[in-house]
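Spelled out from the first residue to the last, the chains are:
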Amino acid sequence: MNENFPIIDCDVHQTYQHHNELVPYMDEPFKSRLAERGFGYPGGMYYSVVGGVRKDSFPESGGTPGSDYQLMRKQLLDHYNIKYAVLNGGAMLGVTLMTEQDYPAMLAKAYNDWLLETWIKYDDRFIGSMMIAAQNPLAAAEEIRRVGTHKRICQVIVSGVTPMPIGQRYFHPIFEACSDVGIPISFHPGGNQSSGTAPVPTPVGFPQYYLEWHTLLANVYMSQLTSMVVEGVFEKYPKLKAVFIEGGISWLPALMWRLDKNYKALRQQTPWLKRLPSEYILNHCKFTTQPIEEPPKKKYLVEIFEMVNAEKTVMFSSDYPHWDFDDPYYIIRGMDNNLKERVLYKNAAELYGLEI
Amino acid sequence: MELHEFCQLADLSEKEFLIKEINGKSIGAILVDGVVHTILNYCPHEAAEVCKGKVTGTVLPSNVGEYLYDGNQKVISCPWHGWEFDIKSGKALFESEKSYRLKTIKNSIVNNKIYVGV
């Protein structure tokens, strides 16, 4: 490591040792249900032959990766000159894909209180994403207004997959609350994207393998981003910002160009769009780097970054402690120093209002 | 630029373009609110014969979830890709990275005959 830029890591997964840690933050009748029966998320997950986490991330004292603050501090925060780390939780995003509305909303609320009472207090470098159950937009909006004003909460986080496209009016109370409170909405792959109320994970059906599923995470974000733009979310809530975590970058130019082209012919059905779709994307949306695409020549990725105005739109993320973790100094190869700084910390500092 | 006779004023309608080739150029003429408009029959997108498209009103910019139809603003919708142009100004209705515009052709009316300058 021959560079020592400050870094804001926009995707870090801390977690509890056991779901019972959330029980004190629940109310009955759901409190007993969590204690006795667990979360009750639907279904299983695609099988990864390499597992889901870095093999060196298991705490010596036992427990799951991401559950040990000291180890995270050693492997991530201190190792990389991390100035801020955005805590996105572990195994909570599934609340949005449960069939019920009230129990998942309370699970999200309990997680948020647990986050603020535990991990946020462990280290001044931690800032947190607050969880919502998006299928209950009114409760989600209420929760955003309750917790979203906390100075260490930097954004709302929701499963990238939702029961229907996220731009539709059913979900607008969530965006209105984010806009009012002044925090971004962020999306992260999670929950189980192949069961519960989740749609089929690809437009052509169920792939067999994790290799396919993971590669096609970009499908999800292409769909959600298109929905938000075309439904006029950014026209209706001009202060709203959105963050797309862990979906990659390189698909974005093609999406913007296709949207802009089609908009010119088809704008009559969405007359609320007053600007080119790509303008809404570049002005309102951020994209995190991990898992960074690894083209055969580094310059290809730098060119992609230029196409998406990465100096304003791209933010570093490591995904610690997951198996597809990215090292910050690996992903910035080939960039000029200005772009390195923008991606490693300046864009995130501006979005979240952080001082470096 | 020379003036060339195009047609009689009575030949024009408000519903569709009258298209003629004048001095090697295809030109369309139409009436909008009683005023003659003449344009080059050429879409600035992919060179389709734009004047063969449908002449309609259009949907105005609105709030999310609202549709405001304006039957008075006359637009020509290109028969290939549907790009809409305001007939009076020639401007494309959508916002874009650059301005797309139909090429308007000067005309004059003398003794109920329309002349175009090409």
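Residues numbered from 1 in each chain as written. Chains lettered and ligands numbered in written order. Predicted model: local features only at pLDDT ≥ 70, side-chain atom pairs only at ≥ 80, totals over all residues.

*Asks:* Quick question: what am I supposed to make of the packing of helix 10 (residues 252–266) of chain A against helix 11 (residues 277–284) of chain A here?
*Replies:* Any two packed helices are characterised by how steeply their axes cross, that is the angle between the axes, and by the distance between the axes. Residues and elements named next belong to chain A. Across the interface, helix 10 lies against helix 11 with an axial gap of 7 Å and an inter-helix angle of 140 degrees. Between helix 10 and helix 11, the crossing angle belongs to the class labelled oblique. Contacts between helix 10 and helix 11 involve Met256, Leu259, Asp260 and Tyr263 on the former and, on the latter, Pro277, Ser278 and Ile281. Taken together, the residues that form the contact of helix 10 with helix 11 break down as 5 nonpolar, 1 polar and 1 charged. (Axes fitted to C-alpha atoms, helices over the stretch in contact; angles between N-to-C directions. Helix = DSSP H or I, 4+ residues; strand = E, 2+ residues; numbered from the N terminus. Parallel < 35°, antiparallel > 145°, perpendicular 65-115°, else oblique. Contact = placed C-beta atoms within 7 Å. Nonpolar A, V, L, I, M, F, W, Y, C, P; charged D, E, K, R; others polar.)

*Asks:* Even after reading the chapter, I still don't get the sheet that holds strand 5 (residues 54–60) of chain B, so can you show me in this structure?
*Replies:* The strands making up a sheet are joined through hydrogen bonds of the backbone, oriented either antiparallel or parallel. Residue and element names in this part refer to chain B. Strand order in this open sheet of 3 strands is 5-6-7, and the pairing throughout is antiparallel. Each having just a single partner strand, strand 5 and strand 7 (84–86) make up the two edges of the open sheet. Recorded for the sheet is a direction-independent mean angle of 60 degrees between the axes of neighbouring strands. Bridge count for strand 5 against strand 6 (residues 68–77) is 6 bridges, and the pairing is antiparallel. Among the inter-strand pairings, valine 55 is bridged to a residue of strand 6, identified as isoleucine 76. (Pairing = 2+ DSSP bridges.)

*Asks:* Which parts of the structure should I look at to understand the interface of chain B and chain A?
*Replies:* How big an interface is tends to be reported as the loss of accessible area on association of its parts. Taken together, the contact pairs 16 residues of chain B with 14 residues of chain A. Looking at the side of chain B that touches chain A residue by residue, the class counts come to 7 nonpolar, 7 polar and 2 charged.

*Asks:* Looking at this model, I keep getting lost on the sheet that holds strand 2 (residues 82–87) of chain A. Mind explaining?
*Replies:* All names here are of chain A. What the 8 strands build is an open sheet, ordered 1-2-3-4-5-6-7-8; its pairing is parallel. Each edge of the open sheet is held by one strand with a lone partner, namely strand 1 (7–12) and strand 8 (314–315). Two elements, strand 7 (residues 285–288) and strand 8, share 2 bridges in a ladder whose sense is parallel. Bridging across to strand 8, threonine 288 finds its partner in methionine 315.

*Asks:* How should I be thinking about the environment of Tyr84(A) in this particular structure?
*Replies:* Residues and elements named next belong to chain A. Structurally, tyrosine 84 can be placed in strand 2. Separated by 226 residues in the primary sequence, tyrosine 84 and alanine 310 place their C-alpha atoms 20 Å from one another. Here tyrosine 84 is in contact with Ile8, Arg125, Ile127 and Leu354, once residues within four sequence places are set aside.

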